[in-house]
Amino acid sequence: MDADAERGLVQRVLDHIATDTRDLAPAVTRRHTGEYLDPVRFAEEQQALFRDHPVVVGHTAQLPEPGSFFTHDHSGVPIVVTRGADGELRAFLNVCRHRGARAAAEPCGTARRLTCRFHGWTYDLEGRLRGLPQPEGFDGLDRDGLGLVALPLAHRHGLIFVRPRAGGAAIDLDHLLGAIDAEVAEHHPERYVLTLRSWEVACNWKVLLDNFLEMYHVPVLHGSNIGPMFEPNRSLYDAMGANGRRIDPRTSIRRLADRPPASWRLRDHALITYHLFPNLQTFWTQDYFSWLQVWPLAIDRTVCVQFIAADWRPEDGDTERDHLQTNLDLFDQTLAEDFGVSEEIQRGLGSGANEVVLFGRFEQEAAGVHAAADAALARWRAGQRPEGP
């Protein structure tokens, strides 16, 4: 964002602090608990939001050189992403064309060929069938037509987007990213990926995502770790189509009230968060960039994946490394609390105690993402692309 926009956001926060006010939606939002429990709704979400809708499956740093590959299964579709000999990124269904086993069995690596461990059929990193044992048994087959099935792929800012549907439409990143595109670019998420890790949580994917979409809970649930660092529930939220930006101010932002606006730098005094629909939440701190994704495994089981990109490199000194590790340890404590309460919420929703889930007027982002999911499902049910034209 430009300097004027950045100063405007800081001023919004300072005005709220001075008047003890908050960004508020016009009304409380109510969502039926069935949206977290209904198997029909869940199956539709899997198809519309995680197979027909483009999703981020990884980071370009996972493919550092020609011959690199990684696999991805969280969408419910087996995918392999490769960097071919020509340097180009490609995505395929990770399915051998013989009997349907995995073409790439390892989660990642570097290879000239992907070899199915069932019968040994091999494919190059451009997806072409290159060999099969005892080929005389398959006389008459068109080998050119038996390459790996390609999936639409696009990448920008280090993020790799795939539409996990064979024959799916090309991915329009200008449309998909919209107004957040230029702002995300300024933070350089293409930097080196330091950590990739994941956890399985016993809740619906939306239960966990809801927790990442508001700061109302932070002073309470995270009161012994990150809570005191932030202004209590003083977030700014701006919807950007199905995506959005949230500014979570730290208490240090109060010091800017006595400093000239030309010296204000938002990232020094706030957590800058972008939501990329449907399931990716990015966080920019002073020290690193992180994203969290939630992937539905079952109606009450979710995988949470975290990527971290930082300026830190293995050759950096102990001070830099220890500082980053302290931040990551704090993040882990916070996530553990979020995971625990999400599993608790899932049991609570299943009890029948509540007919609706409430989002307060300051929980605008969570309410907005649910509304975007409704719109995407409506387009998908009408036979249109869920992300729109």
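Quick note: structure is the one above.
Some points on the overall build of the chain
Line of reasoning, step 1. A tally of helices and strands in the chain yields nine helices and 20 strands.
Line of reasoning, step 2. The C-alpha radius of gyration computed for the chain amounts to 23 Å, which stays within 12% of the reference 21 Å derived for 389 residues, consistent with globular compactness.
Line of reasoning, step 3. Across its three principal directions, the C-alpha atoms of the chain cover 80 × 55 × 35 Å.
Line of reasoning, step 4. Across the 389 residues of the chain, 51% fall into the buried class.

Thoughts on the sheet that holds strand β2 (residues 55–59)
Line of reasoning, step 1. With antiparallel pairing, three strands are arranged side by side in an open sheet as β2-β12-β11. Looking along the sheet, the strands with just one partner apiece sit at the ends: β2 and β11 (153–156). Shown here is a sheet whose adjacent strand axes are inclined to one another by a mean of 30°, direction ignored.
Line of reasoning, step 2. Where β11 meets strand β12 (residues 159–162), four bridges bridge the pair, whose relative direction is antiparallel. Bridge pairing links Arg-156 to Leu-159 in β12.

Section: the sheet that holds strand β17 (residues 280–284)
Within a sheet, each strand pairs with its neighbour through backbone hydrogen bonds, oriented either parallel or antiparallel.
Line of reasoning, step 1. The seven strands are arranged β13-β19-β18-β17-β16-β15-β14 in an open sheet whose pairing can be described as antiparallel. At either margin of the open sheet sits one strand with a lone partner, and together these are β13 (193–201) and β14 (236–240). The sheet shows a mean angle of 15° between the axes of neighbouring strands, direction not considered.
Line of reasoning, step 2. Judged from the six bridges that link them, strand β15 (residues 243–249) and strand β16 (residues 270–276) form a sheet pairing that is antiparallel. Counterpart to Arg-246 in the pairing with β16 is Thr-273.
Line of reasoning, step 3. Contacts between helix α6 (residues 205–212) and the sheet are confined to β13, β15, β16, β17, β18 (288–298) and β19 (301–310), with β18 contributing the most and set at about 160° to the helix.
Line of reasoning, step 4. On the sheet, helix α8 (residues 318–350) packs against β13, β17, β18 and β19 and is oriented at approximately 20° with respect to β13.

Focus on the pattern of salt bridges
Line of reasoning, step 1. Enumeration according to the criterion identifies 28 salt bridges in this entry.
Line of reasoning, step 2. With a shortest N-O distance of 3.0 Å, Asp-174 and Arg-156 are connected by a salt bridge. Within this pair, whereas Asp-174 is found in helix α4 (residues 173–177), its partner Arg-156 is found in strand β11, the two being separated by 18 residues in sequence.
Line of reasoning, step 3. Its salt-bridge partner being Asp-181, residue Arg-156 comes within 2.7 Å of it at the nearest N-O pair. Placement of Arg-156 in strand β11 and of Asp-181 in helix α5 (residues 180–186) is noted, with a sequence separation of 25 residues between them.
Line of reasoning, step 4. Asp-181 sits in the buried class, given a relative accessible area of 15%.

What about the pairing of strand β3 (residues 68–72)?
Line of reasoning, step 1. With five of five residues buried, β3 is to be regarded as a mostly interior element.
Line of reasoning, step 2. Neither face of β3 is left uncovered, since the one carrying Ser-68, Phe-70 and His-72 and the one carrying Phe-69 and Thr-71 both have all their residues buried.
Line of reasoning, step 3. Across three bridges, β3 lies against strand β6 (residues 108–110) in antiparallel orientation. Its bridge partner lying in β6, Phe-69 is registered against Gly-109.

Quick word on the nonpolar core
Line of reasoning, step 1. Among the nonpolar cores identified, the biggest contains 92 residues, and Leu-49, Val-81, Ile-160, Phe-161, Leu-208 and Phe-212 are the most heavily contacted of them.
Line of reasoning, step 2. Residues within four places of Phe-212 in sequence aside, it is in contact with Arg-246, Gln-281, Leu-292, Val-294, Cys-304, Leu-335, Asp-338 and Phe-339.
Line of reasoning, step 3. Within the second largest apolar cluster, 15 residues are counted, among which are Ala-103, Leu-125, Leu-129 and Leu-148.

Structural notes on the side chain of Glu-214
Line of reasoning, step 1. Tracing the backbone shows Glu-214 in the loop between α6 and α7 (218–221).
Line of reasoning, step 2. For the buried Glu-214, no salt bridge is present, and the opposite-charge side chain at shortest range is Arg-246, 7.6 Å distant.
Line of reasoning, step 3. Polar side-chain contacts of Glu-214 include one of 3.1 Å to the backbone nitrogen of His-217.
Line of reasoning, step 4. With sequence-adjacent residues up to four places away left out, Glu-214 is seen in contact with Arg-246 and Glu-363.

Observations concerning the packing of helix α3 (residues 39–50) against helix α9 (residues 364–381)
Line of reasoning, step 1. Taken N-terminus to C-terminus, the directions of α3 and α9 make an angle of 80°; their axes are 10 Å apart at the nearest point. Classified by the angle their axes make, α3 and α9 are roughly perpendicular. Judged by residue contacts, Arg-41, Glu-44, Glu-45, Gln-47, Ala-48 and Leu-49 of α3 engage Ala-373, Asp-374, Ala-376, Leu-377, Trp-380 and Arg-381 from α9.
Line of reasoning, step 2. Taken together, the residues of the contact of α3 with α9 break down into six nonpolar, one polar and five charged.

Overview of α6
Line of reasoning, step 1. The buried fraction of α6 amounts to eight of the eight residues, a majority that puts the element mostly inside the structure.
Line of reasoning, step 2. Listed in full, the buried residues belonging to α6 are Trp-205, Lys-206, Val-207, Leu-208, Leu-209, Asp-210, Asn-211 and Phe-212.
Line of reasoning, step 3. For α6, the N-terminal capping position is held by Asn-204, with its side-chain oxygen 2.9 Å away from the main-chain nitrogen of Lys-206.

So, the side chain of Thr-282
Line of reasoning, step 1. Topologically, Thr-282 is positioned in strand β17.
Line of reasoning, step 2. Taking the relative accessible area as the measure of exposure, Thr-282 reaches 5% and is therefore buried.
Line of reasoning, step 3. When neighbours within four sequence positions are excluded, Thr-282 is seen to be in contact with Ile-272, Thr-273, Tyr-274, Phe-289, Ser-290 and Trp-291.

Some details on the packing of aromatic side chains
Line of reasoning, step 1. All told, the structure shown has ten aromatic pairs when counted by the stated rule.
Line of reasoning, step 2. When the centroid spacing of 5.5 Å and the interplanar angle of 85° are considered together, the rings of Tyr-274 and Trp-284 count as edge-to-face. Residue Tyr-274 is found in strand β16, and its partner Trp-284 is found in strand β17; the two are separated by ten residues along the sequence. For the pair formed by Tyr-274 and Trp-284, the shared burial category is buried.
Line of reasoning, step 3. One aromatic cluster in this structure is built from Tyr-274, Trp-284, Phe-289, Trp-291 and Phe-307.
Line of reasoning, step 4. The positively charged end of Lys-206 is found above the aromatic ring belonging to Tyr-36, 5.3 Å away from the centroid.

Rules behind the numbers
- Residues numbered from 1 in each chain as written.
- Predicted model: local features only at pLDDT ≥ 70, side-chain atom pairs only at ≥ 80, totals over all residues.
- Heavy atoms only, no water.
- Helix = DSSP H or I, 4+ residues; strand = E, 2+ residues; numbered from the N terminus.
- Rg over C-alpha atoms; globule rule 2.2 N^0.38 Å.
- Buried < 20%, exposed > 50% of the residue type's maximum accessible area, 1.4 Å probe, protein only.
- Pairing = 2+ DSSP bridges.
- Axes fitted to C-alpha atoms, helices over the stretch in contact; angles between N-to-C directions.
- Contact = heavy atoms within 4.5 Å.
- Salt bridge = Lys/Arg side-chain N within 4 Å of Asp/Glu carboxyl O.
- Core = buried A, V, L, I, M, F, W, Y, C linked by side-chain atoms within 4.5 Å.
- Lys, Arg positive; Asp, Glu negative; His and termini not counted.
- Polar contact = N/O pair within 3.5 Å; in protein donor to acceptor, adjacent residues only side chain to side chain.
- Parallel < 35°, antiparallel > 145°, perpendicular 65-115°, else oblique.
- Nonpolar A, V, L, I, M, F, W, Y, C, P; charged D, E, K, R; others polar.
- Phe/Tyr/Trp six-rings, centres within 6.5 Å; stacked < 30°, edge-to-face > 60°.
- Lys NZ or Arg CZ within 6 Å of the ring centre and 35° of its normal.

Remember, this is a structural readout, not a statement about activity or role.
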